[in-house]
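For reference, the chains in residue letters:
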Amino acid sequence: MKSRLTGLALSALALSASLASAQDYPAQPITLVNPYAAGGSADLIARTLAEGMTERLGQPVVVENRPGAATAIAATYVAQSDPDGYTLLIASSPTHFITPEIQPVQYEGLADFAPVAMIANVPNVLVVGSGAELSTLEELVAKAKESPDTLAFASVGNGSLPHLSSVLLMQETDTQMVHIPYGGAAPAVVDVLAGNVDLAFLNLPPLLPHIESGALVPLGVAAPERTPLLPDVATMAELGLGEFQMSTWFGVSAPANTPEDVVAKLDAAIADTLQDEELRQRLEASGVMMFYKPTDEFAGFLESESERLLKLLDAADVPRN
Amino acid sequence: MEPQENTEPGQRSGPWEYAVAAALFLLGLYVAFEGANVGVGTLRRMGPGFLPVAVGCGLALLALGILFELRSGGRPKLDAPVRPLVMVTLSLGTFAATVAPLGLVPATLLLAFIGAFAERAMTLRRAGLTAIGLAALGYVVFILGFKLPLDAFWG
Amino acid sequence: MEMYADILIGFERALSFDALLFCFIGVTIGTFVGVLPGVGALAAVSLCLPMTYYLDPTVAMIMLAGIFYGAQYGSSTASILLNVPGTVTAAVTALDGYPMTQQGRAGLALFVTTICSFVGGSIAIILMMGFTPLIARAALSFSSAEYFLIMAFGLFLASTIGSGSQLKSLAMVALGLTLGLVGTDLNSGVSRFTFGQVELYDGISLVTIAMGLFGVAEILNSIVDDTSRKPATGKITFKSMLPSKAEWKVIVKPTLRGTAIGAVIGALPGSGATIATFIAYAVEKRQSKTPERFGKGALEGIAAPEAANNSAVQSAFVPTLSLGIPGDALMAFLLGAMMIHGVVPGPRFLIDQPQMFWGLVASFWIGNVLLLILNIPLIGVWVRMLSIPYNILFPAMLFFICIGVYSIEYQVFDIALVMIFGIVGLVMNRLAYPAAPLLLGFILGPMMEEHFKRALLMSRGSFSIFWERPISVVLLALLAGLLLLSARAIWKSQRAASPSSLSEPQMQSQTKDTQ
């Protein structure tokens, strides 16, 4: 009984502490943990965002790269941090549902995080090598139908978005192709360029120079709308593949149970940052699209996205933990 | 291929030589066994267990070969440096345990202070000065210089 | 002819005041970062990136690249003087560099590595100038089948790196392969030997193995005989650093061979400097008439890998700049930095922005000259470090190892691993199991598995992919030739086995002290 009382007292104390902290939040520097290595699109997004948030919150927002274990290292770290709004995570589908589903990690997934806001997405583009002599999605599908398992697609690992995108394509078009996983986007691009692999859905930025030089042929954009960097390339939906959306999205999440007003403050700072026209242009030039969704919409998106991707994981036969 | 200078003909192999070779043999068997459990597949379509089985068997066979070779000579003793082993393990372990909760400076102080006593002739004064010097150096180089995302002190 | 005009413009850009200044700043930071064991160039480059936002893009890249290749110059210093390699390539240099220090020849070893680094780097830059488009195209014609064969070649050579019992060397290759199994299997997504530890999903970190087997094991080993160990500083006059005429002669050919190996392998995206360095060392040992000197302070044993390392580092810029394909994390970061500056490396880069491309390449060469000027006077400073009493030096080494390993991923687990590998390394050292074959098995195993499986996926299960392509045929022939050669060597040595074994016990007692 006594211990229960102290427990109550402690939680009351913790509650009042968090209430107090919400009033004058942020009172110390905020760490934005990035589960991806320095130098990539996620890093660019995180650093640009941190710059803007620092201005608006009056406290430094510091980006900390903690790459590794398919985002599990960073996600575990943030999930286990104090829910005080001083440790935030660059959220993505691997951190919130794919990795917890396929790897035996120390956190649950969605339930461990308080979504703050969606910030951006990087469209995935379906490309083939110029040597493949395919110039439309129709031709590709026809070839795949004609002889199953002759075409091969590259991915960046089992359960990665490039993998799931191709699985979705096979589902939608009723075709069979061979999956060749790579350790990262760079070696996958090399093999598509060299014609060792026929096709791949990959993030746009590393593909851009090769699309411009003509070495890679873009067949479709797996995003809700066309990207200004490739205005002539149709979306998969326009090509008749229904709701074919497979963008790599990035958001910001806090540990679960972060006080609501702290989340609201963060959301407001993010929303305001993303209004900046100069910042938008800077990101768009590198192939990143602004894609802001406030807290409640982001939370709803997470629910539906999780359901959709987990179904695809089943279809892709990815082994679970 | 080369003269086997390390087998020391004339010196009888000590228990450690046999123990290590036997440990390698057992490790090989374990790896092969675990590999067989996750699916070997075929040579054309290898499963995740193919390489573990191949490598494990190879390691076990090589360890058997070493056991055989040891009969013609090897190192008689291990000469383990007990004090350094204990103190260095303790010092690294303390650093690992304290760097996150206490911060870099206290962890460095403990690491260097404990580690210094790996040497028998170490004095308290010398160990303390070394520890303070290193902690200061670490603070300047890694926190101020490289701005590693580490706390210098707890909190 | 147009190209020569472009090269001239490049030099003009690289010799301008701001470019020179930031090149110098970059290589200086790089040198010091390289000397600190464990603090990688990546950390330094990411730290300096924000500082370059306000610079002209060419100057920014000149500085960031300078940190990168400058760090390669410094990386061998700690491994030669203290046997604490911060990078795997430095672990190779330590094989012969550290014995040289123990013999009081540290100054000479550092001088030779500086010179060989300069020669390797410079020649690779000249090759880059002449052949970038060609190299870029050649890199694309390497597919998984070829990569697999190159690595098989490397692994075969690996077994010859260690001295002593062949069986023990091979067992260490197998142990390295075993350690390489840990982590998630790329093809199936199945976790192997991770024991539920998140820290192990990406495999054991290479730096913990290198630092443990070499650094921690060396500390454990040296504390015992501290009283007998008087750090042999030698004379630190400029003259004692300079190689004699005979020594110059010894290093010329290994340096050139190392440079060639580094330039070719470094240009292949993804394999990079590590493999080039190992192969260069193994090739020297293999073709030497006195392979038994290797591992005991052979000059060729530091000249070839240093030249290969720096030449590979320079030629690794070829796929990065001309294809937009980064070979490793650091190149990926430099690529990202260029994009932040609004420059998109790739096939159009050389054509669209010749001034920047050639300015960068020219700055590499200038940077190498600056590194040479900077490093030679520093040798005296580094060698004096050896006169610090060991009981102050070793706690410092422990600290740098800890922080170096910890700063990779901020995993306490990695510190525990480095300790375990330290103990393993000590036992291996005492029982004459060589560490270098283990390292190479560990590096090559996972890559070989990945490429072998991928090659078979590409060929839909047909082995003919390994001999149907022109490059793979050449590689296969090389591999077969090497096998035949060593079979002949074994046959020969068995015929001449008895006389050579007479001198063994004596030699043994020497090596035991220097190990």
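Residues numbered from 1 in each chain as written. Chains lettered and ligands numbered in written order. Predicted model: local features only at pLDDT ≥ 70, side-chain atom pairs only at ≥ 80, totals over all residues. Heavy atoms only, no water.

Chain B appears in an unreviewed UniProt entry as Tripartite tricarboxylate transporter TctB family protein from Alloyangia pacifica.

Per an unreviewed UniProt entry, chain A is named Tripartite-type tricarboxylate transporter, receptor component TctC, and its organism is Alloyangia pacifica. In UniProt, chain A has this text filed under Sequence similarities (unreviewed entry): "Belongs to the UPF0065 (bug) family." (UniProt positions renumbered as here; feature names shortened; annotations may be inferred.)

Novice: Account for the overall build of chain B, naming residues and giving values.
Specialist: Each helix and strand counted, chain B has five helices and zero strands in total. Ordered by position from the N terminus, the helices and strands of chain B form the series α-α-α-α-α. The C-alpha atoms of chain B give a radius of gyration of 24 Å, which is well past the 15 Å a tight globule of 155 residues would have. Viewed in the frame of its principal axes, chain B has a C-alpha envelope of about 55 × 50 × 25 Å. With 155 residues in all, chain B has 48% of them scored as buried. (Helix = DSSP H or I, 4+ residues; strand = E, 2+ residues; numbered from the N terminus. Rg over C-alpha atoms; globule rule 2.2 N^0.38 Å. Buried < 20%, exposed > 50% of the residue type's maximum accessible area, 1.4 Å probe, protein only.)

Novice: Before we move on, could you go through unusual backbone geometry and cite the residues and values that matter?
Specialist: One non-glycine residue, Ala69(A), lies in positive phi territory at about 50°. With respect to the element layout, Ala69(A) can be found in the loop between strand E2 (61–65) and helix H3 (72–79). In this structure, Arg460(C) is a non-glycine residue whose phi angle is positive, near 55°. Within the secondary structure layout, Arg460(C) lies in the loop between helix H20 (436–458) and helix H21 (470–495). Given the relative accessible area of 37%, Arg460(C) is considered partly exposed.

Novice: Help me get a handle on the sheet that holds strand E10 (residues 248–255) of chain A, residues and values and all.
Specialist: Residues and elements named next belong to chain A. Taken in spatial order, the six strands line up as E2-E1-E3-E10-E4-E11 in an open sheet, and their pairing is mixed. Of all strands in the sheet, those with a lone pairing partner are E2 and strand E11 (289–293), marking the two edges. Put simply, the sheet's adjacent strands are angled 25° from each other on average, direction ignored. Pairing analysis gives three bridges linking strand E4 (residues 113–122) to E11, with the strands arranged antiparallel. Its bridge partner being in E11, Asn121 is matched across the sheet by Met289. Sitting on the sheet, helix H2 (residues 41–57) touches strand E1 (30–34), E2, strand E3 (87–91), E4 and E10, and the angle it makes with E2 is about 160°. Most of the contacts of helix H11 (residues 295–315) go to E4, to which it runs at about 80°, and overall it touches E3, E4, E10 and E11. (Pairing = 2+ DSSP bridges. Axes fitted to C-alpha atoms, helices over the stretch in contact; angles between N-to-C directions. Contact = heavy atoms within 4.5 Å.)

Novice: Talk me through the interface of chain C and chain B; I want residue IDs and the actual numbers.
Specialist: The figure often quoted for interface size is the accessible area lost as the parts come together. Taken together, the contact pairs 79 residues of chain C with 71 residues of chain B. Linking chain C with chain B are one salt bridge, by the criterion used here. Lys168(C) is the salt-bridge partner of Glu17(B), the closest N and O atoms lying 3.2 Å from each other. Connecting chain C to chain B are five residue pairs in polar contact (both at pLDDT 80 or more). (Salt bridge = Lys/Arg side-chain N within 4 Å of Asp/Glu carboxyl O. Polar contact = N/O pair within 3.5 Å; in protein donor to acceptor, adjacent residues only side chain to side chain.)

Novice: If you had to explain the packing of helix H8 (residues 166–181) of chain C against H20(C) to someone new, which residues and values would you point to?
Specialist: Residues and elements named next belong to chain C. Two elements in contact, H8 and H20, have axes separated by 7 Å at closest approach and are oriented at 40°. As far as their axial angle goes, H20 and H8 are oblique. In the packing of H8 onto H20, the handedness of the crossing is right-handed. Every residue of H20 that contacts H8 at Ser169, Met172, Val173, Leu175, Gly176, Leu177, Leu179 and Gly180 is listed here: Pro437, Leu438, Gly441, Phe442, Gly445 and Pro446. For the contact of H8 with H20, the class distribution of residues is nine nonpolar, five polar and no charged. (Parallel < 35°, antiparallel > 145°, perpendicular 65-115°, else oblique. Left-handed = near helix turned anticlockwise from the far one by under 90°. Nonpolar A, V, L, I, M, F, W, Y, C, P; charged D, E, K, R; others polar.)

Novice: An account of the UniProt feature "transmembrane region" (unreviewed entry) in chain B is requested, with residue identities and associated values reported.
Specialist: Residues and elements named next belong to chain B. Sequence positions flagged by UniProt for "transmembrane region" (unreviewed entry) are, in local numbering, residues 18–38, 50–68, 88–115 and 127–146. In the segment residues 18–38, helix accounts for 95% and strand for 0%; the C-alpha atoms at its two ends are 31 Å apart. A distance of 27 Å separates the end C-alpha atoms of residues 50–68, which is 100% helix and 0% strand.

Novice: Just give me the short version of the pattern of salt bridges, but keep the residues and values in it.
Specialist: All names here are of chain C. All chains considered together, the criterion is met by 21 salt bridges over all chains. Across the salt bridge formed by Glu247 and Arg105, the nearest N and O atoms sit 3.9 Å from each other. Placement of Glu247 in helix H11 (residues 245–266) and of Arg105 in the loop between helix H5 (88–102) and helix H6 (106–140) is noted, with a sequence separation of 142 residues between them. Notably, a salt bridge pairs Arg293 with Glu300, separated by 2.6 Å at the nearest N-O pair.

Novice: Run through the packing of aromatic side chains, naming residues and quoting values.
Specialist: For any pair of aromatic rings, the description consists of the separation of the ring centres together with the inter-plane angle of the planes. With the rule as written, the count across this model stands at 25 aromatic pairs over all chains. Taking 5.5 Å as the distance between ring centres and 75° as the angle between the ring planes, the aromatic pair formed by Tyr69(C) and Phe364(C) counts as edge-to-face. Taken as a pair, Tyr69(C) in helix H4 (residues 57–82) and Phe364(C) in helix H17 (residues 354–385) lie far apart in primary sequence, 295 residues in all. The exposure classification of Tyr69(C) matches that of Phe364(C), with both residues buried. When the centroid spacing of 6.4 Å and the interplanar angle of 40° are considered together, the rings of Phe452(C) and Phe463(C) count as tilted. With Phe452(C) in helix H20 and Phe463(C) in the loop between H20 and H21, the pair connects residues that are eleven residues apart, well separated along the chain. The exposure class assigned to Phe452(C) is buried, which follows from its relative accessible area of 12%. Clustering of aromatic rings is evident, with ring pairs tying together Phe97(A), Trp249(A), Phe298(A) and Phe301(A). The ring centre of Tyr77(A) lies 3.7 Å from the NZ or CZ of Arg66(A), which sits over that ring. One residue, Lys168(C), lies across the ring of Tyr433(C), its end atom 4.8 Å from the ring centre. (Phe/Tyr/Trp six-rings, centres within 6.5 Å; stacked < 30°, edge-to-face > 60°. Lys NZ or Arg CZ within 6 Å of the ring centre and 35° of its normal.)

Novice: So what's going on with a nonpolar patch on the surface? Which residues, and what values?
Specialist: All names here are of chain C. Together, Ile123, Leu127, Phe131, Leu134, Val252 and Leu256 line one region of the surface with nonpolar side chains, adding up to about 480 Å² of accessible area. When residues of the nonpolar patch are traced back to their parent elements, those giving at least two are H6 and H11. For Leu256, the location among the structural elements is in helix H11. According to the relative accessible area criterion, Leu256 is partly exposed, its value standing at 44%. (Patch = residues over 30% accessible without salt bridge, like charges linked within 9 Å, V, L, I, M, F, W, Y side chains within 5 Å. Areas by Shrake-Rupley, 256 points an atom, 1.4 Å probe, with all protein chains shown as cover.)

Novice: Any chance you could break down the UniProt feature "domain: DUF1468" (unreviewed entry) in chain B for me, citing the residues and the numbers?
Specialist: On the UniProt side, "domain: DUF1468" (unreviewed entry) is annotated at positions that read residues 19–150 of chain B here. For the annotated span residues 19–150 of chain B, helix accounts for 72% and strand for 0% of the residues, and the straight-line distance between the end C-alpha atoms is 42 Å.

Novice: Mind laying out the environment of Ala22(B), listing which residues take part and the relevant values?
Specialist: All names here are of chain B. Here Ala22 lies in helix H1 (residues 15–37). Its relative accessible area of 31% is what places Ala22 among the partly exposed residues. Between the alpha carbons of Ala22 and Asp151 there is a distance of 45 Å; along the sequence they are 129 residues apart.

Novice: Got a sec to walk through the pairing of E4(A)? Specific residues and values, please.
Specialist: All names here are of chain A. Buried residues dominate E4, accounting for ten of its ten residues. As paired elements, E4 and E10 share eight bridges and run antiparallel to each other. Among the inter-strand pairings, Ala117 is bridged to a residue of E10, identified as Val252.

Novice: Before we move on, can you summarise the sheet that holds strand E7 (residues 178–181) of chain A with the specific residues and values?
Specialist: All names here are of chain A. Pairing is mixed across the open sheet formed by five strands, whose spatial order is E7-E6-E8-E5-E9. Of all the strands in the sheet, the pair left with one neighbour each is E7 and strand E9 (216–221). Mean inter-strand twist for the sheet, computed between neighbouring axes without regard to direction, equals 30°. Sheet analysis places strand E5 (residues 124–129) next to E9, joined by five bridges and oriented antiparallel. Paired with Gly129 across the strands is Leu216, a residue of E9.

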